[in-house]
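# Coordinate analysis (summary)
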Amino acid sequence: MKKIIPLVLLLQLLAFNSYAQNKTQSTEPVKTLAQNRHEEAAFIYHIINDVYADPDRCSTRAQRDSIFQYIDSQITSAHNLKYVLSWRYFSRMIEDGHFQFPDIGVYNRNKWFKPEDLVFPIFPKITQDGRVFVITDYTGNLPKYSEITSINGIPAQTLAKKQVEVTYCAPLYARAWMNSQIEGDPRAWNNITGYLFCESVKPPYSIEYKVYSDTTFTSSETKTATLQGIGREERYKLYKQNGDVKIKRHENAFNLHNQSLSYYKLNDSTGVLDINLFYSKEFTAIFFMKNDNAYKGRIEECMKQVHQDGVTNLIVDIRNNPGGYAGDVFETLNYFLDSSLPIKEFFRASSYSKKDGLPLLKNTYEMYYSSEGLSKKEKDSINNLINKSVEIFKNTPDGKYFRLDTLLKTEYVHSETKYPFKGKLYVATNNLSFSACMLFCNLLKAAGRATFIGETPGEYLLTTGGPRVFIKLPYNSYITMQVPYTYVAVTDKNGNILNIGHQNLKIDMPIEPTLYEWLKGDEDYLYRDYLNRDK
């Protein structure tokens, strides 16, 4: 959580690229291929249960055992593609966007997906309840915004629901993330195109679909069509050429040329602070100087304008925000809170985290305990407790959890600002509000400071940290698991841990787009409905 929380999202930019495969010769006694695969599957399962920060996130141990037994039963010595595709079912144990296994492009990058594979020729957009709408049909047969109701005799809604079950994110976030980032990309495995291919739903595709007569989507005509497959590489090129863009606000978070936050006045009484990322995108400042002064300066500029405008209502818009740096969350909270709040953070002990996580643990304490203004005696005392805490973590039994406030108090420490906002605060979220957004929301909720509007965030209240350990598979050693080992618990204002971590944030003022607005990607609906709320 302490370094760059959406690092997992930045790594997605490299997810499809090829890299050298280091397949070294084993000196172990020769085993059958099936034995190797059984052992590798058991190893993956062990990592999920005993190394991952939050294994009970979406399933009990008994449920995970059942999923693993199914995966293990499918293993044979033949059909390598069938074996590696079975890894997708481990995702049913995870539901965490920080824990990408298998990662988005692993099958494409390692040539299990081939450029000439014939794939589904539709770039769709899929609702949370699994309705499949056409954005682009690359064969030119199905009109835009028509709804596909069946594919090869299988209800499209059934296929879409099964698809999201084998995606490693929490369900609300998974669907929104796929729509915004990967549904159009045929190189990914965890979209509807990849799901149909992996489940051997092959062309030609017999399609039943509805064409709607107006934008209310109430009157329709059912039609049929037969679509031929399109080469994977050919469809990818068309996707790029046709300008089938991703959600703009979500793209802004990854565009290094765009400001992370901006402010404008909505009307005489209301302003909007738009934060697309809790991070200034100044990489060197975070990695080497352990601060983000660019973000600090930018939010001060925005809040100065809020103060000058004299607005009494402020909407902090974190829709489509993938997360960021915890320190910048705290910088933002300084303008809205007037006191400190406890934070309960946990590191899970394992041979991996004890090796790779020690620098992060020290860095985390340094963030909570700034040395600025302290005497040498005070600094020495804190450093002594940090070193003792590190030793306790190193001696924590593998699989157990180390609480960072064991010796040292961990909390968001409020700092005074020039331009605090004391008016009515609203926080706008949607299904793509992720990671550090939940830390921001949880602390505001604990303080009773904000009214939450918009859509339910896709991430659960309890979020794991972006920092992860990188673990190679024992036999397919060129495949790496990226495993989160930290999490921040959900607490009240007194620091009592609440048993609601695996729930979604409750929205005080639900505001959702119409189906037509959603299909178009129109995001102005939120402000329109907000302004009309009392009419």
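Everything that follows concerns the structure shown earlier in this document.
Residues numbered from 1 in each chain as written. Predicted model: local features only at pLDDT ≥ 70, side-chain atom pairs only at ≥ 80, totals over all residues. Heavy atoms only, no water.

### Considering the overall build of the chain
The number of helices and strands found in the chain is 19 helices and 22 strands. For the chain, the residues scored as buried account for 56% of the 535 residues in total. A separation threshold of at least 6 residues defines the contact pool for the chain, and within that pool the share at least 24 residues apart is 77%. (Helix = DSSP H or I, 4+ residues; strand = E, 2+ residues; numbered from the N terminus. Buried < 20%, exposed > 50% of the residue type's maximum accessible area, 1.4 Å probe, protein only. Contact = heavy atoms within 4.5 Å.)

### Describing helix H13 (residues 326–333)
The α-helix advances 3.6 residues per turn, and as a result positions three or four apart in sequence lie on the same side. The buried fraction of H13 amounts to seven of the eight residues, a majority that puts the element mostly inside the structure. Taken together, the buried positions of H13 are occupied by Ala 326, Gly 327, Asp 328, Val 329, Phe 330, Thr 332 and Leu 333. Looking at the buried side of H13, the elements it contacts are strand S10 (270–275), helix H12 (293–309), helix H15 (358–368), strand S15 (411–412) and helix H17 (436–447).

### Focus: the packing of H13 against H17
Contact pair H13 / H17: the axes reach a minimum separation of 9 Å and the direction vectors enclose 35°. In this structure, H13 crosses over H17, and the sense of that crossing is right-handed. The segment H13 lies against H17, with Ala 326, Val 329, Phe 330, Thr 332 and Leu 333 engaging Ala 436, Leu 439, Phe 440, Leu 443 and Leu 444. Looking at the contact of H13 with H17 residue by residue, the class counts come to nine nonpolar, one polar and no charged. (Axes fitted to C-alpha atoms, helices over the stretch in contact; angles between N-to-C directions. Left-handed = near helix turned anticlockwise from the far one by under 90°. Nonpolar A, V, L, I, M, F, W, Y, C, P; charged D, E, K, R; others polar.)

### Structural notes on empty space enclosed by the protein
Tallied over the entire structure, the rule returns one cavity of 30 Å³ or more. Computed from the structure, the largest cavity encloses a volume of approximately 100 Å³. As for the largest cavity, its lining consists of 13 residues, and the residues nearest its centre are Leu 439, Asn 442, Leu 443, Val 488 and Ala 489. Ranked by residues supplied to the lining of the largest cavity, first place goes to H17 with five residues. (1 Å grid on protein atoms, 1.4 Å probe; cavity = no way out; pocket = protein on both sides within 12 Å on 5 of 7 lines; lining within 4 Å. Points joined across faces, edges and corners; volume = space filled by probe spheres on them.)

### Some remarks on the pairing of strand S11 (residues 313–317)
Along S11, five of the five residues are buried, which leaves the element largely enclosed by surrounding structure. Burial of S11 is two-sided: the residues Asn 313, Ile 315 and Asp 317 facing one way and the residues Leu 314 and Val 316 facing the other way are all buried. As paired strands, S10 and S11 are joined by five bridges and run parallel to one another. Its bridge partner lying in S11, Asp 274 is registered against Asp 317. (Pairing = 2+ DSSP bridges.)

### Some thoughts on the pairing of strand S3 (residues 132–137)
Judged by how many residues are buried, S3 sits mostly within the fold: six of six residues are covered. Bridge analysis of strand S2 (residues 122–126) against S3 gives five bridges, and the strand direction is antiparallel. In the sheet register, Ile 126 faces S3, and the bridge partner there is Val 132. What sits between the antiparallel neighbours S2 and S3 is a turn of five residues, in which Gly 130 has the positive phi angle 95°. Pairing analysis gives two bridges linking S3 to strand S4 (residues 147–151), with the strands arranged antiparallel.

### Comments concerning the nonpolar core
What tends to happen in soluble globular proteins is that the nonpolar side chains get buried as a cluster. Core analysis: the biggest nonpolar cluster contains 83 residues, and Trp 87, Phe 90 and Ile 148 have the highest contact counts within it. Here Trp 87 is in contact with Glu 40, Ile 44, Phe 101, Pro 102, Tyr 107, Trp 112, Leu 473, Asn 476 and Ile 479, once residues within four sequence places are set aside. Grouped together as the second largest cluster of nonpolar side chains are 49 residues, Ala 53, Ile 299, Ala 326 and Val 329 included. (Core = buried A, V, L, I, M, F, W, Y, C linked by side-chain atoms within 4.5 Å.)

### Quick look at the pattern of salt bridges
Inspection of the entire model under this criterion finds 20 salt bridges. The shortest N-O distance in the salt bridge between Asp 317 and Arg 319 comes to 2.9 Å. We note that Asp 317, like Arg 319, is buried. A salt bridge links Arg 403 to Asp 405; its shortest N-O distance comes to 2.8 Å. For Arg 403, a relative accessible area of 33% gives the class partly exposed. What emerges from the salt-bridge pattern is a single network uniting Asp 54, Arg 57 and Glu 459. (Salt bridge = Lys/Arg side-chain N within 4 Å of Asp/Glu carboxyl O.)

Interpretation in functional terms is not warranted from these geometric data alone.
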